[in-house]
Each structure stands twice: as structure tokens, then as C-alpha cells.
Amino acid sequence: MPASSNFREVIRDAQSSALVGPNVVNKALPYVGGGMVLTAAGTLGGLSMIASPAFMPLFWVALIGNLVLFFVAQNIALKGNNATALPLLAIYSLITGFTLSGLVAMAIGVAGIGSVGTAAIATGITFVIASIMGRRMSDSVGQALGGVVTLGIIGLVIAMVVQLIGGIFAPQMFLGGGFELMIAGFGTVLFIGAAFLDFYTMPRVYQDEQYLAGALGMYLTYINLFIFILRFIIAIQSRD
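Residues numbered from 1 in each chain as written. Predicted model: local features only at pLDDT ≥ 70, side-chain atom pairs only at ≥ 80, totals over all residues. Heavy atoms only, no water.

*Asks:* Which parts of the structure should I look at to understand the overall build of the chain?
*Replies:* In terms of helices and strands, the chain carries nine helices and zero strands. When the helices and strands of the chain are placed in sequence order, the string is α-α-α-α-α-α-α-α-α. Rg of the C-alpha trace for the chain: 18 Å, near the compact-globule value of 18 Å for 240 residues, within the 12% margin. In terms of overall dimensions, the chain has a C-alpha envelope of 50 × 35 × 30 Å along the principal axes. Counting every position in the chain, which comprises 240 residues, the buried fraction comes to 46%. (Helix = DSSP H or I, 4+ residues; strand = E, 2+ residues; numbered from the N terminus. Rg over C-alpha atoms; globule rule 2.2 N^0.38 Å. Buried < 20%, exposed > 50% of the residue type's maximum accessible area, 1.4 Å probe, protein only.)

What follows is the structure, given as C-alpha cells:
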């Protein structure tokens, strides 16, 4: 799973209902969309060379480099140094797409190309609904949802660690079937909640000039939502 927003810190900072960045969401949205387009391009690039012997070495280099690039870009974006952060975030989006190409290829092989379109459409519909409802969320609802999402993220990470370790010793039990379906379903519901939460927390956490930092957090939410929807589809199809 690509790196996710630090929900615990976000919710702690959002305890006050005062808006520190009333325009940050509108400023961030074009960059979220641009990041998605670059991610799609990176995925297509990965798919074009997935049969090549060079794919797996490049995948691991990209995965490790992406983690490092995330923290560097996030730190620069939080300082409001957008001129430096923007090209780093563009590269980050492209590399993220490359690392997703294996999952997309698996989905196409198991459930067909339509599964990718379904996941993308579902993610887009969630974005539209969340953009309307999340902006109107009250403080009590927003903070309660934040607490649930925070606990959910912790639980999801624990479950995925268990799956990773268990997959080494009992792959039939942990890497497919009911356990994978449970994780994929839980992750989907969790990041739907996070999608609504982003529109509540961003104006309360980020100043207007930190719009790229906000865009990065929102981008990660929707990338993770797309990933878990796709995993859920794969898990369902694998049980048939």
C-alpha cells in the first residue's frame, strides 16, 4: 500500500473548527487530478514492460525510491516551497503508477479490463459525493469520523502485517480466500471514510500556501481507495 496520511496528527490538529486554509481544497484539487493522470501514465508504462526481465528489479527500485521521495516531497510541501515540491510530486505520481502496474495486470488477468474501469469509476463517484458531503460535515461528525478512521488505519496495518507474515508460512490461508476478501473490504470502507474526512480536515490543518501538501494527502487517500476496490474485485473473482 502506498504511504497514507497521518490521520492521528491530522485529527489532533483539527480539534479547533477554525479554518486556517479556507481556499486550500480548491487550490489542491487540480493537482490531485494531475497526480491521478500521471499515475495512470506510469501504470501504462509499467504494463508495457511487465513481461520484461527488467520489470521486477525496476519495481523494487521504484518502490523503495517512492517511499523516500514521499517523505522528502511531503516535508518540502509542508514548508510551502511549492516550486520545489511540484516536480517531486509529479515524479512521485509517475513512480506510484509504475508500482501499481503489477496489481492492475493481476486484476485484468483475473477479472478482465472492466475491473480496472469499475474501480476507477467507483473511486470517482466517491470523490464527487465526498466533495459535497465532506465540506458540510459538522465538527462533531468530523472528529468522530476521524477517530474511527485513525483506529481503522491502525487495525488495517496490523492485519496487513499478519497477512504478510502468514503468507510466508500458509499462503493458501492468508494470501487469498476469506482473509484477503476481509482486508480488501475493510480497506475499501476505511478509505471511503477517509475520502469524506479529507474535505473536513484539509481547511483546518493546511494553510492556503500548503495546498500541495494537502493535495498529496488527498491523492494518497484516493489511490489507496482505488487499490482496495481493485483488491476486493480480485478477491471476489478468485472465489468463483
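*Asks:* Mind showing me how you'd approach the packing of aromatic side chains here?
*Replies:* Geometrically, a pair of aromatic rings is defined through the distance of the ring centres and the angle of the planes. Scanning the entire structure with this criterion turns up ten aromatic pairs. Ring plane angle 80° and centroid distance 5.4 Å describe the contact between F59 and W60, whose orientation is recorded as edge-to-face. By relative accessible area, F59 is classed as buried at 17%. Every member of this aromatic cluster is reached through a ring pair, and the members are F55, F59, W60 and F98. (Phe/Tyr/Trp six-rings, centres within 6.5 Å; stacked < 30°, edge-to-face > 60°.)

*Asks:* What is the right way to look at helix α2 (residues 24–48) in this model?
*Replies:* A turn of α-helix holds 3.6 residues, and therefore any two residues three or four places apart point the same way. End to end, α2 covers 36 Å across 25 residues, agreeing with the expected 36 Å (1.5 Å per residue, within 8%). The set of residues buried in α2 consists of V24, V25, A28, V32, G35, T39, G42, T43 and G46. In this fold, the buried residues of α2 make contact with α3 (55–78), α4 (82–111), α8 (177–205) and α9 (211–239). (Expected span 1.5 Å × (residues − 1). Contact = heavy atoms within 4.5 Å.)

*Asks:* What exactly am I supposed to notice about the packing of helix α5 (residues 113–133) against α9 here?
*Replies:* What describes two packed helices is the angle between their axes and the distance between those same axes. Between α5 and α9, the shortest axis-to-axis distance is 9 Å and the interhelical angle comes to 140°. When the axis of α5 is compared with that of α9, the two are oblique. Read as a crossing pair, α5 and α9 show a hand that is right-handed. On α9, the residues touching S115, V116, T118, A119, A120, A122, T123, T126, F127 and A130 of α5 are M218, Y222, L225, F226, I229, L230 and I233. Its residues placed into classes, the contact of α5 with α9 shows 13 nonpolar, four polar and no charged. (Axes fitted to C-alpha atoms, helices over the stretch in contact; angles between N-to-C directions. Parallel < 35°, antiparallel > 145°, perpendicular 65-115°, else oblique. Left-handed = near helix turned anticlockwise from the far one by under 90°. Nonpolar A, V, L, I, M, F, W, Y, C, P; charged D, E, K, R; others polar.)

*Asks:* Is there a simple way to explain α5 in this structure?
*Replies:* Helix length check: α5, at 21 residues, gives a terminal C-alpha distance of 31 Å against a target of 30 Å (1.5 Å per residue), a fit within 8%. Within α5, the full set of buried residues consists of S115, V116, A119, T123, T126, A130 and S131. Down the axis of α5, the buried set is contained in an arc of 140°. They therefore lie on one face. Seen from the open side of α5, the exposed residues pointing more than 90 degrees away from its buried face are I113 and I121. In this fold, the buried residues of α5 make contact with α4, α8 and α9. (Arc of directions from axis to C-beta.)

*Asks:* Even after reading the chapter, I still don't get the pattern of salt bridges, so can you show me in this structure?
*Replies:* Between side chains of opposite charge, a pair can form as their charged atoms come close. Across all of its chains, the model carries two salt bridges by this definition. Across the pair D139 and R204 runs a salt bridge, and its minimum N-O distance is 3.6 Å. With D139 in helix α6 (residues 139–169) and R204 in helix α8, this residue pair connects regions lying 65 residues apart in the sequence. D139 gets classed as partly exposed once you look at its relative accessible area, which sits at 25%. One salt bridge in this structure joins R231 and E180, with 2.8 Å as the shortest N-O distance. Note that R231 is positioned in helix α9 and E180 in helix α8, a separation of 51 residues in sequence. Note on accessibility: R231 and E180 belong to one class, buried. (Salt bridge = Lys/Arg side-chain N within 4 Å of Asp/Glu carboxyl O.)

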